[in-house]
Amino acid sequence: MAKVRKAVFPAAGLGTRFLPATKAQPKEMLPLVDKPLIQYGVEEAMQSGVRNILIVTGRGKTAIEDHFDVSFELEHLLETRHKKDLLATVRAVSDMIDVSYVRQKEALGLGHAVLRARELVGEEPFAVVLSDDVIDAEVPCLRQLLDVYEFYNAPVVALMEVPDESISAYGVVDAEPVAHNGGRDRLYRIRNMVEKPKASEAPSRLAIIGRYVLTPEIFSSLEAIGPGSGGEIQLTDGLKHVLRCRPIYGYKFEGKRYDAGDKLGFLKATVEFALKRFDLGQEFRQYLKTLPI
Ligand code: G1P
């Protein structure tokens, strides 16, 4: 079985849920405390053993490339000012990864973005990380999926139960539980899936969250399907097409997920991540206690 070495980060979306902040800067660069969203995803991939990062960018996304590049001017300034800690933080970002970029010229959907990475991925299994799904977990969420992939040699998507009122914002699966690691409560074999169904038509409350381990058949499937929900080429539809020829699993991961592409989700993540910080948490907690809420 081939090892997963590459992770694709679709980052060409327009970020309309976060306007006007995303008018002139990519939503992937919005900071949670002091780190851009995409860096949380990149660190998760690295901690999961995936070091080859492929970012699918679009117009107005150069800040992402600059972020993962060496910044000579900044490093020089920090060096002359003897700011060793900051220098190490800034260097860690550019030293961290081997990163390549491919452009998605038009925002035609998540499936289309993944298809743009075909040449760079080649004929091997790969991960997809949606960086606005920020997941705080003891074992990185992507690592949890890779463990399932390595056991079953089949594609795996992250799953989470969501309430009725928000189910129509997700890809939703029809799936049966599978015994795994002595339990039946996390692993599912997927029977069918549908992108953004009406609550009344959703096959379950199990939503796909932005972590996937995929096999190369997904590319020909994405080419074969037409536009789906919202007139876009949907990754969920591509996966449904793959289901015709091989099983796909879903894994209800352990950890807490924040929808950081949404204003309220972003605020929740900011507060909780700040409270966990050793350098800020205590003072921030004291401050929050003084608020009249
Ligand atoms: C995308 C996927 C959807 C998935 C969601 C998870 O939707 O198309 O299947 O459930 O990410 O965050 P988006 O949030 O980009 O509309």
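Placed above this text is the structure.
Residues numbered from 1 in each chain as written. Predicted model: local features only at pLDDT ≥ 70, side-chain atom pairs only at ≥ 80, totals over all residues. Heavy atoms only, no water.

Draft legend 1. Local environment of the pattern of salt bridges. Enumeration over the complete set of coordinates arrives at 22 salt bridges. Notably, a salt bridge pairs E124 with R5, separated by 2.6 Å at the nearest N-O pair. Residue E124 is located in the loop between helix 6 (118-121) and strand 6 (126-129), and its partner R5 is located in the segment before strand 1 (6-10); the two are separated by 119 residues in the primary sequence. What you see here is one network of salt bridges that share partners, running through R5, K6 and E124. (Salt bridge = Lys/Arg side-chain N within 4 Å of Asp/Glu carboxyl O. Helix = DSSP H or I, 4+ residues; strand = E, 2+ residues; numbered from the N terminus.)

Draft legend 2. Region of the structure containing the packing of helix 8 (residues 217-224) against helix 9 (residues 235-242). Here helix 8 crosses helix 9 at 110 degrees, and the two axes come no closer than 8 Å. Taken together, the axes of helix 8 and helix 9 are roughly perpendicular relative to one another. The element helix 8 and its partner helix 9 pack so that their crossing is right-handed. In this structure, helix 8 contributes E217, I218, S221, L222 and A224 to the contact, and helix 9 contributes L235, G238, L239, H241 and V242. When the residues that make up the contact of helix 8 with helix 9 are grouped by side-chain class, the tally is six nonpolar, three polar and one charged. (Axes fitted to C-alpha atoms, helices over the stretch in contact; angles between N-to-C directions. Parallel < 35°, antiparallel > 145°, perpendicular 65-115°, else oblique. Left-handed = near helix turned anticlockwise from the far one by under 90°. Contact = heavy atoms within 4.5 Å. Nonpolar A, V, L, I, M, F, W, Y, C, P; charged D, E, K, R; others polar.)

Draft legend 3. Quick peek at helix 7 (residues 141-152). Here helix 7 is 12 residues long and its end C-alpha atoms lie 17 Å apart, about the 16 Å a rise of 1.5 Å per residue gives. Looking only at helix 7, the buried set comprises C141, L142, R143, Q144, L145, L146, V148 and Y149. After helix 7 finishes, the residue N153 shows a positive phi value of roughly 50 degrees. (Expected span 1.5 Å × (residues − 1). Buried < 20%, exposed > 50% of the residue type's maximum accessible area, 1.4 Å probe, protein only.)

Draft legend 4. Layout of the nonpolar core. By size, the foremost hydrophobic cluster in this structure holds 42 residues, and its most contacted members are F9, I38, V42, I53, I55, F68 and L142. The biggest single contributor to this core is helix 7, with six residues. Grouped together as the second largest cluster of nonpolar side chains are 33 residues, L54, F126, L130 and I208 included. (Core = buried A, V, L, I, M, F, W, Y, C linked by side-chain atoms within 4.5 Å.)

Draft legend 5. Seen up close, the site of the ligand. L110, L130, D133, Y170, G171, E195, K196, I208, G210, Q234, T236 and R257 make up every residue found near the ligand. Within the side chain of D133, one N or O atom sits 2.8 Å away from an oxygen atom of the ligand. Interatomic distance of 3.2 Å between a side-chain N/O atom of T236 and an oxygen atom of the ligand. When atom positions are compared with the pocket grids, the ligand is found to occupy the largest pocket. Each residue belonging to the shell around the ligand can be placed in one class, and the counts come to four nonpolar, four polar and four charged. (Near = heavy atom within 4 Å. Polar contact = N/O pair within 3.5 Å; in protein donor to acceptor, adjacent residues only side chain to side chain. 1 Å grid on protein atoms, 1.4 Å probe; cavity = no way out; pocket = protein on both sides within 12 Å on 5 of 7 lines; lining within 4 Å. Sits in = over half its atoms within 2 Å of the grid points.)

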